[in-house]
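Architecture at a glance
Listed below, chain by chain, are the residues.
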Amino acid sequence: MNKLQRWSRVQSMVQSFWKRWSNDYITSLQQRGKWHKQCPNINVGDLVIIKENNIPPSHWMVGRIILLHPGTDGVVRVATVKTAQTTLKRPVVKLSKVPID
């Protein structure tokens, strides 16, 4: 195997890892039951990963929830997130709470 083939194989493995990580692990952090069972809302001060479709997972931003925007039913569907560079308003389905033990 020459260097170009090896580089191509390594890059393929890296892309496969990030794709599986973003689809499996991050999605498992985001699971929220619709209306079948009650799930706890995210809270102010929670650390979250902001999922973006147009950038690779290795470049997703990390932020902290600073403001919640609940609907009329009391369920939070939008949150304001402070990142290192800016403050963003994002839907909760695009946020994954970082499990801190």
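Higher on the page you've got the structure.
What you see is a predicted model; the values in this text were computed from it and never measured.

Of the pairings in the sheet, the one linking strand S1 (residues 47–50) to strand S2 (residues 61–70) comprises four bridges and is antiparallel in character. Bridge pairing links Val48 to Gly63 in S2. In terms of strand pairing, S1 meets strand S5 (residues 95–97) through three bridges, oriented antiparallel. By the bridge assignment for S5, Ile50 is matched with Leu95.

The next thing to look at is the nonpolar core. Core analysis: the biggest nonpolar cluster contains 10 residues, these being Ile42, Val48, Ile50, Ile65, Val76, Ala79, Val81, Leu88, Val92 and Leu95. Of all the elements, strand S3 (residues 76–82) adds the most residues to this core, at three residues. Among all residues touching Ile42, those that are not within four sequence positions of it are Ile65, Leu68, Val76, Ala79, Val92 and Leu95.

As a further point, take the pairing of S2. Bridge count between S2 and S3: six bridges; the pairing is antiparallel. Note that in S3 the partner of Leu67 across the bridge is Thr80. Hairpin geometry of S2 and S3 is characterised by an intervening segment of five residues between the two adjacent antiparallel strands and by a positive phi of about 90 degrees at Gly74.

For any two aromatic rings, the description comes down to two numbers: the centre-to-centre distance and the angle of the planes. A full pass over the atoms with the stated rule returns three aromatic pairs. Look at Phe17 and Trp18: their rings are 5.4 Å apart centre to centre, the planes differ by 70 degrees, and that puts the pair in the edge-to-face class. The exposure class assigned to Trp18 is partly exposed, which follows from its relative accessible area of 26%. Among the aromatic residues, those joined into a ring-pair cluster are Phe17, Trp18, Trp21 and Trp60.

Criteria and cut-off values
- Residues numbered from 1 in each chain as written.
- Predicted model: local features only at pLDDT ≥ 70, side-chain atom pairs only at ≥ 80, totals over all residues.
- Heavy atoms only, no water.
- Pairing = 2+ DSSP bridges.
- Helix = DSSP H or I, 4+ residues; strand = E, 2+ residues; numbered from the N terminus.
- Core = buried A, V, L, I, M, F, W, Y, C linked by side-chain atoms within 4.5 Å.
- Buried < 20%, exposed > 50% of the residue type's maximum accessible area, 1.4 Å probe, protein only.
- Contact = heavy atoms within 4.5 Å.
- Phe/Tyr/Trp six-rings, centres within 6.5 Å; stacked < 30°, edge-to-face > 60°.

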